[in-house]
Amino acid sequence: MTLTTLAIALSGAGVLVTGVLAALFLRDPVAGMVKTTHRAEKLPEVMADRYVGMLILALGATLYGDLKVIAVLFAVFAYTGFHDAWIYARGGFAIAQHVGAGFAGLLVSVVAMLAMGQG
């Protein structure tokens with residue numbers, strides 16, 4: 001087994017674990033919080049950590065310059081913005097900033113895909 005194969009296999013394992021956690025949180029957010037030992041009172045600090053992580057991912061994709069990576073990453077950012085907006089809308093809260101973030105991610109993703117088509 002090469003290191004490349006091992007890295008891809010380990011990445012696949014990460015996909016599986018993350019997928020299980022995503023399904024858990026989508027099905028029962030409270031159980032997800034318990035299973036992952038997250039604490040609601042620490043959520044603001046956790047969100048700061050997540051935004052730093054998203055910043056590093058966006059910076060890395062931008063510097064790497066691969067349109068496929070940019071398209072996928074910003075499609076994920078769009079999904080996150082729109083999903084957050086949907087969550088807040090169901091609770092009767094303001095959604096404009098999350099919808100705006102969703103459209104911004106979508107714009108970057110679509111432009112990257114169109115650029116790929118120009119080849």
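Scroll up to find the structure.
Source: prediction; values computed, not measured.

S.K.: How do you make sense of the overall build of the chain when you look at a structure like this?
M.R.: Within the chain, the regular secondary structure consists of five helices and zero strands. Shown N-terminal to C-terminal, the secondary structure of the chain runs as helices and strands in the order α-α-α-α-α. Once the C-alpha set of the chain is aligned to its principal axes, its extents read approximately 45 × 40 × 25 Å. Long-range contacts, defined as pairs at least 24 residues apart, comprise 37% of the intrachain contacts of the chain with a sequence gap of at least 6. When the accessible surface of the chain is summed, it comes to about 8900 Å², and 74% of that surface belongs to carbon and sulfur atoms. When the 7 basic and 6 acidic side-chain charges of the chain are each reduced to a single mean position, those positions are 6 Å apart.

S.K.: How should a nonpolar patch on the surface be read in this particular structure?
M.R.: Taken together, the side chains of Leu67, Phe103, Leu106, Val110, Met113, Leu114 and Met116 present a nonpolar region at the surface, about 590 Å² in accessible area. A per-element tally of the nonpolar patch places helix α5 (residues 96-118) first, with six residues. Following the sequence through the fold, Leu67 ends up in helix α4 (residues 67-90).

S.K.: Can you help me understand the side chain of Ser109 in this one?
M.R.: Following the sequence through the fold, Ser109 ends up in helix α5. On the basis of relative accessible area, Ser109 is assigned to the buried category, the value being 2%. Contacts of Ser109, omitting those with residues within four sequence positions, involve Ala71, Phe74 and Ala75.

S.K.: I'm lost on the environment of His38 in this one. Help?
M.R.: By the element assignment, His38 lies in the loop between α2 (29-35) and α3 (43-64). Apart from the residues within four sequence positions on either side, His38 is in contact with Phe25, Met33, Val46 and Arg50.

S.K.: Honestly, the packing of aromatic side chains in this entry has me stumped. Any pointers?
M.R.: By convention here, two paired aromatic rings are described through the distance between centres and the angle between planes. As enumerated under the stated definition, the model contains three aromatic pairs in all. Each ring, one from Phe74 and one from Phe77, has its centre 5.1 Å from the other, and the planes form 75°; the classification is edge-to-face. With Phe74 and Phe77 both in helix α4 and three residues apart, the pair spans about one turn of that helix. Overall, Phe74 belongs to the buried group, its relative accessible area being 15%.

S.K.: Quick question: what am I supposed to make of the side chain of His83 here?
M.R.: As for its position among the elements, His83 is in helix α4. Here the side chain of His83 touches Tyr79 through a polar contact of 2.6 Å, side chain to side chain.

S.K.: Which parts of the structure should I look at to understand unusual backbone geometry?
M.R.: Of all residues except glycine, most have a negative phi; of all peptide bonds, most are trans. Residue Thr37 is not a glycine yet carries a positive backbone phi of 60°. Within the secondary structure, Thr37 sits in the loop between α2 and α3. The class for Thr37 is exposed, based on a relative accessible area of 63%.

Parameters at a glance
Residues numbered from 1 in each chain as written. Predicted model: local features only at pLDDT ≥ 70, side-chain atom pairs only at ≥ 80, totals over all residues. Heavy atoms only, no water. Helix = DSSP H or I, 4+ residues; strand = E, 2+ residues; numbered from the N terminus. Contact = heavy atoms within 4.5 Å. Areas by Shrake-Rupley, 256 points an atom, 1.4 Å probe, with all protein chains shown as cover. Lys, Arg positive; Asp, Glu negative; His and termini not counted. Charge placed at Lys NZ, Arg CZ, Asp CG, Glu CD. Patch = residues over 30% accessible without salt bridge, like charges linked within 9 Å, V, L, I, M, F, W, Y side chains within 5 Å. Salt bridge = Lys/Arg side-chain N within 4 Å of Asp/Glu carboxyl O. Buried < 20%, exposed > 50% of the residue type's maximum accessible area, 1.4 Å probe, protein only. Phe/Tyr/Trp six-rings, centres within 6.5 Å; stacked < 30°, edge-to-face > 60°. Polar contact = N/O pair within 3.5 Å; in protein donor to acceptor, adjacent residues only side chain to side chain.

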